[in-house]
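Listed below, chain by chain, are the residues.
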Amino acid sequence: MSKAQLTRTGILRMALGGGAADPLLPAEGGGGRRGPFLLRALRIAVVVCLYWFTSIAMVFLNKYLLDSPSLRLDAPLFVTFFQCALTAALCLGLSLGAACGPPCSGLPTLRLDPKVSRSVLPLSAVFIGMVTSNNLCLKHVGVAFYNVGRSLTTVFNVLLSYLLLKQTTSLYALLACGVIIGGFWLGVDQEGAEGTLSWTGIFFGILASLCVSLNAIYTKKVLPVVDGSIWRLTFYNNVNACVLFFPLMMLLGEFRTLYHFDKLGSPSFWGVMTLGGVFGFAIGYVTGLQIKFTSPLTHNVSGTAKACAQTVLAVIYFEETKSFLWWTSNLMVLGGSFAYTWVKGLEMRKVQEDPNVKSGERNETGV
């Protein structure tokens, strides 16, 4: 997963799990549970394929924008700023189209309230750290190693849940986290052995994993400020991010870099930039579709399988040769992630089926 995928997956999972319904997504009663089995299976297959295509295409597009030898644009913050600005503009455009009727009729009206914007600001700061560190990780490591480089999100989820929320984790889930950590370190070792290791990329990958976990916690706190609306939160978050990115870009001299960039007036460059932003915005929608038509557990399993396919495609596309231990590290990360998802899914099912558990405690249990 990349920038938009990471933030919107966490927010949508909360919104779809117990918050306000997403007006762009199919209604709960019509989400593929009726009709012939083949039709439902076809819908699920189309949605999963759409999610895979959007997610993988977004990562490859971002890699091109951030680290292409032919483009030679050393302005990662500007790329992220543009995607945030386009996301905010698309949210506003969809809101303005609400008067046109379906499928936009259920969208909330968006307007910038300074008081709400200030309340969302702490989340926006974490959001900036998350999207920036994700893009910087992708800039400094290959697409094939990208999944391993920022694979510690699950581990930080467990750690922060204990430190901040005092929530304990089962032994089996901890063992799955141990497999993920082992796969991460083995991957780092193998990247070093092949001479392709970037400690800068590893640093930003770890920072991205931490920020993703913090983003989920702050999102849960901030959602009531926007009445539980995913679209309002996305709009305010990205508007705040655009404002905060300006001083950062000035501090790092990216405006000077853009001034000397020879393709700044190229329509093809802006076409790729816009396409990357649209894919970044669309990943939130297709993530929600996949959860609606399947389940949060199946979504996580699909995401793990997608990461595997993305790694294989990157190795083939960039004509790389990887060792057996390198592949083993990827399998450990993917296997540990799948095991953790499966264990948490079983634990959630037991809690939901236990009549002695209060409804409030059930709502606090998630995948």
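Just so it is clear, the model here is predicted, and its values are computed rather than measured. (Residues numbered from 1 in each chain as written. Predicted model: local features only at pLDDT ≥ 70, side-chain atom pairs only at ≥ 80, totals over all residues. Heavy atoms only, no water.)

Helix packing geometry: the angle between the two helix axes and the distance between the axes. Contact pair helix α2 (residues 37-67) / helix α3 (residues 76-96): the axes reach a minimum separation of 9 Å and the direction vectors enclose 140°. Relative to α3, α2 is oriented oblique. Viewed along their axes, α2 and α3 form a crossing whose handedness is right-handed. Packed against α2, whose contacting residues are N62, L65 and L66, the element α3 presents P76, V79 and Q83 at the interface. Considering only residue class, the contact of α2 with α3 consists of 4 nonpolar, 2 polar and no charged. (Axes fitted to C-alpha atoms, helices over the stretch in contact; angles between N-to-C directions. Helix = DSSP H or I, 4+ residues; strand = E, 2+ residues; numbered from the N terminus. Parallel < 35°, antiparallel > 145°, perpendicular 65-115°, else oblique. Left-handed = near helix turned anticlockwise from the far one by under 90°. Contact = heavy atoms within 4.5 Å. Nonpolar A, V, L, I, M, F, W, Y, C, P; charged D, E, K, R; others polar.)

A few words on the pattern of salt bridges. For the structure shown, the criterion picks out 8 salt bridges. Where K63 meets D67, a salt bridge forms, and the shortest distance between an N and an O atom there is 3.2 Å. Placement of the pair is K63 and D67 together in helix α2, with a separation of 4 residues, close to one helical turn. On the accessibility criterion, K63 (11% relative accessible area) is buried. Salt-bridge contacts for K322 lead to E194; the nearest nitrogen and oxygen are separated by 3.4 Å. A residue pair is termed long-range when its members are at least 10 positions apart, and K322 in the loop between α12 (296-317) and α13 (324-353) and E194 in the loop between α7 (171-193) and α8 (199-222) qualify at 128 residues. Classification of E194 as partly exposed rests on a relative accessible area of 28%. In this structure, a network of salt bridges that share partners links the residues E191, E194, E320 and K322. (Salt bridge = Lys/Arg side-chain N within 4 Å of Asp/Glu carboxyl O. Buried < 20%, exposed > 50% of the residue type's maximum accessible area, 1.4 Å probe, protein only.)

Quick look at the packing of α3 against helix α9 (residues 230-251) now. α9 packs onto α3 with a crossing angle of 150° between their chain directions and a minimal axis gap of 8 Å. Here α3 is positioned roughly antiparallel relative to α9, judged by the angle of their axes. Remark: the crossing between α3 and α9 carries left-handed chirality. From α3, L77, F78, T80, F81, C84, A85, T87, A88, C91, L92 and L94 reach across to α9, where they touch W231, T234, F235, N238, V239, A241, C242, F245, F246, L248 and M249. For the contact of α3 with α9, the per-class residue count stands at 18 nonpolar, 4 polar and no charged.

Once that is clear, we can look at the nonpolar core. Core analysis: the biggest nonpolar cluster contains 54 residues, and L73, F78, F145, F245, F269 and M273 have the highest contact counts within it. Residues in contact with F145, not counting those within four places in the same chain, are G187, V188, E191, I202 and W326. Listed in part, the 16 residues of the second largest apolar core include V226, W231, Y236 and F281. (Core = buried A, V, L, I, M, F, W, Y, C linked by side-chain atoms within 4.5 Å.)

This structure, assessed with the given rule, holds 16 aromatic pairs. Ring geometry for F184 versus W185: centroids 5.5 Å apart, planes at 75°, classification edge-to-face. By the ring-pair criterion, three or more aromatic residues cluster together here, those being F78, F82, F261, F269 and W270. It is K221 that lies over the ring of Y218; its NZ or CZ is 5.6 Å from the centre. (Phe/Tyr/Trp six-rings, centres within 6.5 Å; stacked < 30°, edge-to-face > 60°. Lys NZ or Arg CZ within 6 Å of the ring centre and 35° of its normal.)

Right, let's get into the layout of surface pockets. What the second largest pocket holds in volume is close to 220 Å³. Every residue lining the second largest pocket is listed: F60, K63, Y64, D67, S68, P69, G142, Y317, F318 and E320. Here the lining of the second largest pocket gets 4 residues from one element, more than from any other, and that element is α2. (1 Å grid on protein atoms, 1.4 Å probe; cavity = no way out; pocket = protein on both sides within 12 Å on 5 of 7 lines; lining within 4 Å. Points joined across faces, edges and corners; volume = space filled by probe spheres on them.)

Right, let's get into the UniProt feature "transmembrane region" (unreviewed entry) in the protein. As annotated in UniProt, the feature "transmembrane region" (unreviewed entry) corresponds to residues 41-65, 77-99, 120-138, 144-164, 171-188, 200-218, 230-249 and 269-289 in the numbering used here. Taken as a whole, residues 120-138 contains 100% helix and 0% strand, while its terminal C-alpha atoms sit 27 Å from one another. Secondary structure within residues 171-188 divides into 100% helix and 0% strand; the distance between the first and last C-alpha atoms comes to 26 Å. (UniProt positions renumbered as here; feature names shortened; annotations may be inferred.)

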